[in-house]
Amino acid sequence: MKIAYYIKWRFLYLTFLALLLCLQVNAKIRVACIGDSITEGATIRDREYFYPSQLQKMLPDNYEVKNFGASGHTLLSKGDFPYIKNPKYAQALEYKPNIVVIKLGTNDSKPQNMAHFKNFERDLTSLVKSFKELDSNPKIYLALPAFAARQAWGINEPDIFLKIIPAIQKVAKEQKLEIIDLHSILFNKPEFFNDGIHPNNYGARVKASCASDFRREAGAQTPWICGRNLRLERI
């Protein structure tokens, strides 16, 4: 009787372990792309060419990439359209991502938003911590804003390069985060833009490929590699 009882519970225990293992194997690694219109895909007609969509194609099947881009939005909480007040921010938190790529700052360069620039580092730190506190314990990357090939809608390269990028780099160092350098690889490359601000299909592919660390660890192969030294290694 005791032997039969032992065999029964041993079988149930092994079945439970097998089921648990299957769930772990089939679990998706969730990637949240946080950003503005460049992330959302403005000026690109076919959504399959949005940078998060192209990133999805570059990753193995156990990765799931979601686009939480919101056009015109700022990192600054006192900006004209703060990202943290957009529903997509709450949706990104609810998604409980395993990897987060934050690319905000382009719209912050507009004059009306630069008036609040003194709060930029504080607001970026707060945004980062809101994801760090998630139970999913995500790995967070800070992406530098893309090069602004022309001044438009108040967006301008001098403020991006001289003020916003250094602030992002400082927060990355303080929070011990890795940086994805989207600025250097698109610098002075107008062929990768539709309007001087928003990347075209090819520019979006470069952006997706430059999310390199977790992509490389996943074993994906693409024609663009951006290494830890934040430079374009191969085209």
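Before any of the text, the structure's been laid out above.
This section reports on the structure supplied with the text. (Residues numbered from 1 in each chain as written. Predicted model: local features only at pLDDT ≥ 70, side-chain atom pairs only at ≥ 80, totals over all residues. Heavy atoms only, no water.)

Time to look at the environment of Glu121. Relative to the assigned elements, Glu121 resides in helix α6 (residues 120-132). The spatial distance from the C-alpha of Glu121 to the C-alpha of Ile164 is 9.0 Å, given a sequence separation of 43 residues. (Helix = DSSP H or I, 4+ residues; strand = E, 2+ residues; numbered from the N terminus.)

Time to look at the pattern of salt bridges. One pass over the structure, following the stated rule, counts seven salt bridges. Across the pair Asp123 and Arg122 runs a salt bridge whose closest N-O atoms are separated by 3.2 Å. The buried category is assigned to Asp123, whose relative accessible area is 9%. In this structure, Lys163 and Asp159 form a salt bridge, with 3.9 Å as the shortest nitrogen-oxygen distance. Pair noted here: Lys163 and Asp159 are both in helix α7 (residues 157-175), with a separation of four residues, about one helical turn. In this structure Lys163 comes out as partly exposed when scored by relative accessible area, which is 40%. (Salt bridge = Lys/Arg side-chain N within 4 Å of Asp/Glu carboxyl O. Buried < 20%, exposed > 50% of the residue type's maximum accessible area, 1.4 Å probe, protein only.)

Below, the discussion takes up the nonpolar core. Counting 36 residues, the largest nonpolar core has Ile34, Ile102, Phe120, Leu124, Phe131 and Leu142 as its most contacted members. Contributing elements (two or more residues each) for this core: β1 (29-35), α4 (87-95), β3 (99-103), α6, β4 (139-143) and α7. Sort the elements by how many residues they give to this core and α7 lands first, with seven residues. Counting 18 residues, the second-largest nonpolar core is a separate cluster that includes Tyr51, Leu59, Tyr63 and Val65. (Core = buried A, V, L, I, M, F, W, Y, C linked by side-chain atoms within 4.5 Å.)

Here we take up α4. Every buried residue of α4 is listed here: Tyr89, Ala92 and Tyr95. Mapping the buried residues of α4 onto a view down its axis gives an arc of 120°, with all of them on the same face. In α4, the exposed positions angled more than 90 degrees off the buried face are occupied by Pro87 and Glu94. Check the buried side of α4 and you find it contacts β1, β2 (63-69) and α6. If you check the start of α4, you find a side-chain oxygen 2.8 Å away from the backbone N of Lys88, and it comes from Asn86. Backbone geometry just downstream of α4 places Lys96 in the positive-phi region, at approximately 50°. (Arc of directions from axis to C-beta. Contact = heavy atoms within 4.5 Å. Polar contact = N/O pair within 3.5 Å; in protein donor to acceptor, adjacent residues only side chain to side chain.)

Moving on to the environment of Asp181. As for its position among the elements, Asp181 is in the loop between β5 (178-180) and α8 (182-186). For Asp181, a relative accessible area of 7% translates into the label buried. Distance from Asp181 to Pro145, taken between C-alpha atoms, is 7.9 Å for residues 36 residues apart in sequence. In terms of polar contacts, Asp181 uses its side chain to reach the side chain of Ser184, at 2.6 Å.

In total, this model carries four aromatic pairs according to the counting rule given. For the ring pair Phe68 and Tyr95, a centre distance of 5.6 Å and an interplane angle of 50° mean the geometry is tilted. One end of the pair, Phe68, is in strand β2; the other, Tyr95, is in helix α4, with 27 residues separating them in the sequence. For the pair Tyr89 and Phe131, a centre-to-centre distance of 6.2 Å together with 80° between the ring planes defines the contact as edge-to-face. With Tyr89 in helix α4 and Phe131 in helix α6, this residue pair connects regions lying 42 residues apart in the sequence. Take Phe131: its relative accessible area is 0%, and that puts it in the buried class. Within the aromatic cluster, the residues linked to one another by ring pairs are Tyr83, Tyr89 and Phe131. (Phe/Tyr/Trp six-rings, centres within 6.5 Å; stacked < 30°, edge-to-face > 60°.)

Another point: the packing of α6 against α7. To characterise two packed helices, one gives the angle between the axes of the helices and the distance between these axes. Contact geometry for α6 and α7: axes closest at 10 Å, N-to-C directions at 40°. On the basis of the axis angle, α6 is oblique to α7. For the pair α6 and α7, the sense of crossing is right-handed. Between α6, through Phe120, Glu121, Leu124, Thr125, Val128, Lys129 and Lys132, and α7, the contact on the second element is made entirely by Ile164, Ala167, Ile168, Lys170, Val171 and Gln175. Of the residues belonging to the contact of α6 with α7, the class tally is seven nonpolar, two polar and four charged. (Axes fitted to C-alpha atoms, helices over the stretch in contact; angles between N-to-C directions. Parallel < 35°, antiparallel > 145°, perpendicular 65-115°, else oblique. Left-handed = near helix turned anticlockwise from the far one by under 90°. Nonpolar A, V, L, I, M, F, W, Y, C, P; charged D, E, K, R; others polar.)

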